Amino acid sequence: MIEARGLSKRYGKTLAVDNLSFSVTPGRVTGFLGPNGAGKSTTMRMILGLDTPTGGSALIGGKPYADLKHPLRTVGALLDAKWVHPNRSARGHLRWLARSNQLPAKRVDEVLDLVGLSGVANKRAGGFSLGMSQRLGIAGALLGDPQVLLFDEPVNGLDPEGILWIRKFMHRLADEGRTVFVSSHLLSEMALTAQDLIVIGRGRLIAHSSTEEFVAAATENTVRVRSPQLAVLRGALGRTGVSLRDEGDSLVVSGMESADIGELAAANGVVLHELSPQRGSLEEAFMQLTGDSVEYHTDLDAPAAADLIAAGK
Ligand SMILES: Nc1ncnc2c1ncn2[C@@H]1O[C@H](COP(=O)(O)OP(=O)(O)OP(=O)(O)O)[C@@H](O)[C@H]1O
């Protein structure tokens, strides 16, 4: 369990984190989402005792990081995958980490196996691809077999295979009952990876809910209908008072379930070629909720801006 209570951090004039309170529960992957500069890394650094809060507290299992008896056995983190001596082998790097944290050397081969790096254990870590470096970083985070794990932008720059691997691995860690807290600005990826979301903007909490609730609450659910008798259907729907949007050969209906639209069509003898509920996307939800809190506004319309944020630009 991770808890932030009134957590704040000021750098000069910048209030990077502003009175944040949330808790991250075990057994689930929790996404930490926000535009660039929202304060995600600063929050993670304070949870890990690498930065001192100017207000409030960050607790792991009820204690600040500095009070943990066995930090690496309690919490593991991946902040920067390239943080490794380039001339050390993967095994050498992990052995060094284990030794300097009084962890058993036999755990090194276990974690190499867990992340699928056993075959390259004696290769120079400096020559690893980004995907392999991420795996090595995750192996390091798992050395102490901690119940709490933090990952800062773990899929940044990875190819689709690497992204899929990380996603599955996080689910596995959560299924083992661990607390998994992962920051990202890649919205569509988080929609697939995280069961819960904590969304921040300009250091402040914007939303904390399940991913499903987040999308449902922030976006409108509509139903697309296509019919060769669109005019008849438009008239019948219009009389019920629902709101309609004409999109050429289809109508987008909001305020009525697809089953009721189907019944209405049948009652009016209208043939349907399509009756499809449209769910709002995480991108739309994110733009709607963080629109005012993006640090650098552009003149782009919302969908284009969402694409840019999703692409990390
Ligand atoms: N050491 C520092 N000194 C001064 N300002 C800082 C420092 N670290 C972060 N900031 C500022 O605090 C704010 C939050 O930054 P932070 O890196 O935590 O955001 P982030 O959400 O992780 O962004 P990104 O997705 O770009 O990594 C930004 O305005 C940033 O410029």
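Structure's up top.
Here's what I pulled together on the structure shown here. Computed from a predicted structure; not experimentally measured.

So, how was this worked out
- The residue numbering used here restarts from 1 in each chain and proceeds along that chain's sequence as written.
- Predicted model: local features are reported for residues with pLDDT of at least 70 only, side-chain atom pairs are reported and counted for 80 or more only, and whole-chain, interface and lining totals are derived from all residues.
- Water and hydrogen atoms play no part in the side-chain values, which are based on all heavy atoms of the structure.
- Labels follow the DSSP assignment, with helices taken as runs of H or I lasting at least four residues and strands as runs of E lasting at least two, numbered in each case from the N terminus.
- Exposed residues in this analysis have more than 50% of their type's maximum accessible area, buried residues have under 20%, and partly exposed residues fall in between, with area computed by a 1.4 Å probe over protein chains only.
- For this analysis, residues touch if any pair of their heavy atoms sits within 4.5 Å.
- Throughout, the Shrake-Rupley method with a 1.4 Å probe supplies accessible areas, and for residues the shown protein chains are the sole cover considered.
- Pairing of aromatic side chains here covers Phe, Tyr and the six-membered ring of Trp, requires ring centres within 6.5 Å, and sorts the geometry by plane angle: under 30 degrees stacked, over 60 edge-to-face, intermediate tilted.
- Charge convention: Lys and Arg are scored as positive, Asp and Glu as negative, and His as well as the terminal groups of each chain are ignored.
- When a carboxyl oxygen of Asp or Glu lies within 4 Å of a side-chain nitrogen of Lys or Arg, that pair is called a salt bridge.
- By convention a nonpolar core is built from buried Ala, Val, Leu, Ile, Met, Phe, Trp, Tyr and Cys residues, the set being connected through side-chain atoms within 4.5 Å.
- Any two strands between which DSSP finds at least two bridges are classified as paired.
- Definitions used for this entry: grid spacing 1 Å over protein atoms alone; cavity, a set of points where a 1.4 Å probe fits but cannot get out; pocket, an open set with protein on both sides within 12 Å along at least 5 of 7 lines; lining residue, one with an atom within 4 Å of a point.
- Grid points are joined across faces, edges and corners, and a volume is the space filled by probe spheres set on the points.
- In this classification, Asp, Glu, Lys and Arg are treated as charged, Ala, Val, Leu, Ile, Met, Phe, Trp, Tyr, Cys and Pro as nonpolar, and every other residue, Gly included, as polar.
- Working definition: residue near molecule or strand if any one of its non-hydrogen atoms lies within 4 Å of it.
- A 3.5 Å cut-off defines polar contacts: any pair of N or O atoms within that distance qualifies, except that in protein one atom must be a possible hydrogen donor and the other a possible acceptor, and neighbouring residues in sequence count only when both atoms are side-chain atoms.
- Only the stretch in contact is used when fitting a helix axis, every axis being a line fitted to C-alpha atoms; angles between N-to-C directions are given from 0 to 180 degrees.

Some points on the overall build of the protein
At step 1: Regarding its fold elements, the protein presents 12 helices and 13 strands.
At step 2: Counting all 313 residues of the protein, 47% fall into the buried class.
At step 3: Taking contacts inside the protein between residues at least 6 apart in sequence as the whole, the part at least 24 apart equals 69%.
At step 4: For the protein, the exposed surface amounts to about 15100 Å²; the carbon and sulfur share of it is 50%.

Looking at the packing of aromatic side chains
At step 1: The final tally for this structure, using the stated rule, is 4 aromatic pairs.
At step 2: Note on Phe22 and Phe32: the rings are 5.9 Å apart at their centroids and 50° apart in plane angle, and the pair reads as tilted. Of this pair, Phe22 sits in strand β2 (residues 14–24) while Phe32 sits in strand β3 (residues 29–33), placing them 10 residues apart in sequence.
At step 3: A relative accessible area of 6% places Phe22 in the buried class.

Re the side chain of Lys40
At step 1: Here Lys40 is to be found in helix α1 (residues 40–47).
At step 2: Buried within the structure, Lys40 lacks any salt-bridge partner; its nearest side chain of opposite charge belongs to Glu153, at an N-O separation of 4.4 Å.
At step 3: Sequence-distant contacts of Lys40, that is, excluding residues within four places in its chain, are made with Phe32, Leu33, Gly34, Pro35, Glu153, Ser183, Ser184 and Ile200.

Points about the environment of Val180
At step 1: With respect to the helices, strands and loops of the structure, Val180 is situated in strand β7 (residues 179–184).
At step 2: With a relative accessible area of 0%, Val180 lands in the buried category.
At step 3: Separated by 151 residues in the primary sequence, Val180 and Val29 have C-alpha atoms spaced 4.9 Å apart.
At step 4: Leave out the neighbours within four places in its chain, and Val180 touches Val24, Arg28, Val29, Thr30, Leu149, Phe151, Met170, Leu173 and Ala174.

Concerning the nonpolar core
At step 1: Core analysis: the largest hydrophobic core is formed by 47 residues, its most contacted members being Leu94, Ile138, Leu143 and Phe151.
At step 2: With 7 residues, the top contributor of residues to this core is helix α6 (residues 160–175).

Some thoughts on the pairing of β2
At step 1: Where strand β1 (residues 2–11) meets β2, 7 bridges bridge the pair, whose relative direction is antiparallel. For Ile2, the partnering residue across the bridge sits in β2 and is Val24.

A closer look at empty space enclosed by the protein
At step 1: Applying the stated criterion to the full structure yields 1 cavity of 30 Å³ or more.
At step 2: For the largest cavity, the full set of lining residues is Pro154, Val155, Ile163, Ile166, Arg167, Met170, Val182, Ser183, Ser184, Glu189, Met190 and Thr193.
At step 3: If you list the elements that add at least two residues to the lining of the largest cavity, you get α6, β7 and α7 (187–193).
At step 4: Take the lining of the largest cavity: its biggest share by element is 4 residues, from α6.
At step 5: Class assignment for the residues of the lining of the largest cavity results in 7 nonpolar, 3 polar and 2 charged.

Looking at the environment of Ala16
At step 1: One can find Ala16 in strand β2.
At step 2: On the accessibility criterion, Ala16 (11% relative accessible area) is buried.
At step 3: Taking the C-alpha atoms as reference points, Ala16 and Gly39, 23 residues apart in sequence, are found 5.3 Å from one another.
At step 4: With residues up to four places along the chain from it excluded, the contact list for Ala16 reads Lys9, Tyr11, Ala38, Gly39, Thr42 and Gly203.

Examining the site of the ligand
At step 1: The ligand sits among 13 residues. The nearest are Gly37, Gly39, Lys40, Ser41 and Thr42.
At step 2: At 2.7 Å, a backbone N or O of Gly37 approaches an oxygen atom of the ligand.
At step 3: At a separation of 2.8 Å, an oxygen atom of the ligand approaches a polar backbone atom of Ser41.
At step 4: Contact with the protein chains hides 61% of the accessible area of the ligand, taken as 630 Å² for the molecule alone.
At step 5: Those elements that provide at least two residues to the shell around the ligand are β2 and α1.
At step 6: With 3 residues, α1 is the largest single contributor of residues to the shell around the ligand.

Structural notes on the sheet that holds strand β12 (residues 250–254)
At step 1: Spatially, the 4 strands line up as an open sheet ordered β11-β12-β10-β13, and their pairing is antiparallel. For this open sheet the edge positions go to β11 (243–247) and β13 (274–278), each flanked by a neighbour on one side alone. Strand-to-strand twist in this sheet, taken as the mean axis angle between neighbours without regard to direction, amounts to 20°.
At step 2: Note: β11 against β12, 5 bridges, orientation antiparallel. Paired with Glu247 across the two strands is Ser250, which belongs to β12.

Quick look at the sheet that holds strand β9 (residues 204–210)
At step 1: Here 6 strands make up an open sheet; going across it, the order is β5-β6-β7-β3-β8-β9 and the pairing mixed. Each having just a single partner strand, β5 (75–78) and β9 make up the two edges of the open sheet. Taking each pair of neighbouring strands and ignoring which way they run, the sheet shows an average axis angle of 15°.
At step 2: Across 5 bridges, strand β6 (residues 148–152) lies against β7 in parallel orientation. When the bridges of β7 are listed, Phe151 appears paired with Val182.

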